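# Structural overview for review
For reference, the chains in residue letters:
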Amino acid sequence: MPLHPEIAKFLAGLPTPSEGPLDPVLMRAADETHVAPLEERLPLHAVEDVTARTASGEVPVRIYTPVEADSYGVLVYFHGGAFFLGSLETHDHVARSLAKETGLKVISVGFRLAPEAAFPAGLDDCYAVVRWAAEEGESLAWDGTTLALAGDSSGGNFVAAVAARAHDDGFDRITHQILYYPSLDLDFDVDRYASLRENAVGYGLETAGLKPFNAFYLDSGADPADPLVSPIKRADLTGLPPALVVTAEYDPMRDEGELYGRRLREAGVEATVSRYEGAGHGFVQHFSWIPEYHEVFAETRDFLGRR
């Protein structure tokens, strides 16, 4: 199907990108201007900012409790933003929707960003918070069952990398991994995936922008050949948690996500790949108010068995 008309309308109204190098400070400030006022956000039983004291240091997290209950399954969420953008605020609405639709207690991670924090600082923070959530299970009212990971774009990269790292460390408490249009191959060879050519221009995220947007992360010491940087390069995917991989029809990174899902299945991992037609990269963050794309949260709920 063609690009969704609401998305096409939005993209047509965007200003022409400015020339010159990217300025992370200015771009972060611009992102924050789009955050909804508190009174307009989805209400939940409780939303609390906490400092997680972890092996990686003190990491800010925001904990979303959907309803009052004696115990909860837990979902740890890593926001997107090409490893240098995004915050607890810019993705607050995503975390709220995840909590409401799944019924899980959601822990959103305010991990350190490139270029100020060199690789693997952000990844270390994410992994450490997952371990912290399991260790602090009693104080979080964790029911000891579901411990899921979810992330969008570069956050999906962190989901795959954390799941692999946990497996290698023998930490087996992670029950599910959910990757929304994940960035899994930071090589960016345009001949590697057809979607890099088919969706190169005109759908919001453009193929030519992948290198400069990810340069802050790569220049901080992240090697694209490292499977913790490009999780699709991991040779052995056996033993990883069941996965839901969500892709978008008009995303340059669509094919790497779908290939990862196939490789997981070939390795004996339960994996569902779900492509959202008419959508582009970032639709969970930017366009989940469109009913057919808000369904991604219901699909996540069903994947987690939280019906």
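Since this is a predicted model, take the numbers as computed values, not measurements.

As a further point, take empty space enclosed by the protein. One way to see where empty space is left: roll a probe the size of a water molecule over the atoms. Counted by the stated rule, this structure contains one cavity of 30 Å³ or more. Of the volumes computed, that of the largest cavity is approximately 70 Å³. The biggest single contributor to the lining of the largest cavity is helix α4 (residues 121-135), with three residues.

As a further point, take the side chain of K105. Tracing the sequence through the fold places K105 in strand β4 (residues 105-109). There is no salt bridge for the buried K105, and the closest opposite charge comes from E48, which lies 7.0 Å off by N-O distance.

So, about the packing of helix α3 (residues 92-102) against helix α11 (residues 291-303). In contact at an axis separation of 9 Å, α3 and α11 are set at 50° when each is read in the N-to-C sense. Between α3 and α11, the crossing angle belongs to the class labelled oblique. In the crossing of α3 with α11, the sense of the turn from one axis to the other is right-handed. Residues V94, S97, L98, E101 and T102 of α3 pack against H294, F297, T300 and R301 of α11.

Another aspect to go through is the pattern of salt bridges. With the rule as written, the count across this model stands at 20 salt bridges. In this structure, E89 and R41 form a salt bridge, with 2.9 Å as the shortest nitrogen-oxygen distance. Placement of E89 in the loop between β3 (72-78) and α3 and of R41 in the loop between α2 (24-32) and β1 (46-54) is noted, with a sequence separation of 48 residues between them. Under the relative-accessibility criterion, E89 is labelled partly exposed at 25%. Residues joined by salt bridges that share partners form a network here, namely R41, D49, R62, E89, D92 and R96.

So, about the nonpolar core. In this structure, V76 and F78 are the most contacted members of the largest nonpolar core, which totals 60 residues. Contact partners of F78, with chain neighbours within four places excluded, come to V109, F111, C126, V130, L149, A150, G151, D152, G155, F158, V159 and V162. Of all hydrophobic cores here, the second largest spans 33 residues; its members include Y64, A95, V106 and F287.

Let us look at the environment of A225. The topology assignment puts A225 in the loop between α8 (210-218) and β7 (243-248). With 40 residues separating them in the primary sequence, A225 and D185 have C-alpha atoms 8.8 Å apart.

Now for the pairing of strand β8 (residues 271-276). When β7 meets β8, the two strands line up parallel, connected through six bridges. Considered in β8, the bridge of L244 is made with T272. The parallel pair β7 and β8, bridged by helix α9 (residues 254-266), forms a crossover whose chirality is right-handed.

Given a rise of 1.5 Å per residue, 13 residues ought to cover 18 Å, and the 19 Å separating the end C-alpha atoms of α9 matches this to within 8%. For α9, the complete set of buried residues consists of R254, D255, E256, G257, E258, Y260, G261 and L264. Buried positions along α9 lie against α6 (154-169), β6 (176-180), α7 (194-198), β7 and β8. Just past α9, the residue G268 takes up positive phi, approximately 85°.

Strand order in the open sheet formed by eight strands is β1-β2-β4-β3-β5-β6-β7-β8, with mixed pairing between adjacent strands. The open sheet has two edge strands with one neighbour each: β1 and β8. On average, each strand axis in the sheet is inclined to that of its neighbour by 20°, with strand direction left out of account. In terms of strand pairing, β3 meets β4 through five bridges, oriented parallel. Looking across to β4, one finds that F78 is bridged to V109. Where α9 meets the sheet, its contacts fall on β6, β7 and β8, and the angle it forms with β8 comes to roughly 160°.

The rules we used
Residues numbered from 1 in each chain as written. Predicted model: local features only at pLDDT ≥ 70, side-chain atom pairs only at ≥ 80, totals over all residues. Heavy atoms only, no water. 1 Å grid on protein atoms, 1.4 Å probe; cavity = no way out; pocket = protein on both sides within 12 Å on 5 of 7 lines; lining within 4 Å. Points joined across faces, edges and corners; volume = space filled by probe spheres on them. Helix = DSSP H or I, 4+ residues; strand = E, 2+ residues; numbered from the N terminus. Buried < 20%, exposed > 50% of the residue type's maximum accessible area, 1.4 Å probe, protein only. Lys, Arg positive; Asp, Glu negative; His and termini not counted. Salt bridge = Lys/Arg side-chain N within 4 Å of Asp/Glu carboxyl O. Axes fitted to C-alpha atoms, helices over the stretch in contact; angles between N-to-C directions. Parallel < 35°, antiparallel > 145°, perpendicular 65-115°, else oblique. Left-handed = near helix turned anticlockwise from the far one by under 90°. Contact = heavy atoms within 4.5 Å. Core = buried A, V, L, I, M, F, W, Y, C linked by side-chain atoms within 4.5 Å. Pairing = 2+ DSSP bridges. Right-handed = clockwise from strand over helix to strand, strands pointing away. Expected span 1.5 Å × (residues − 1).

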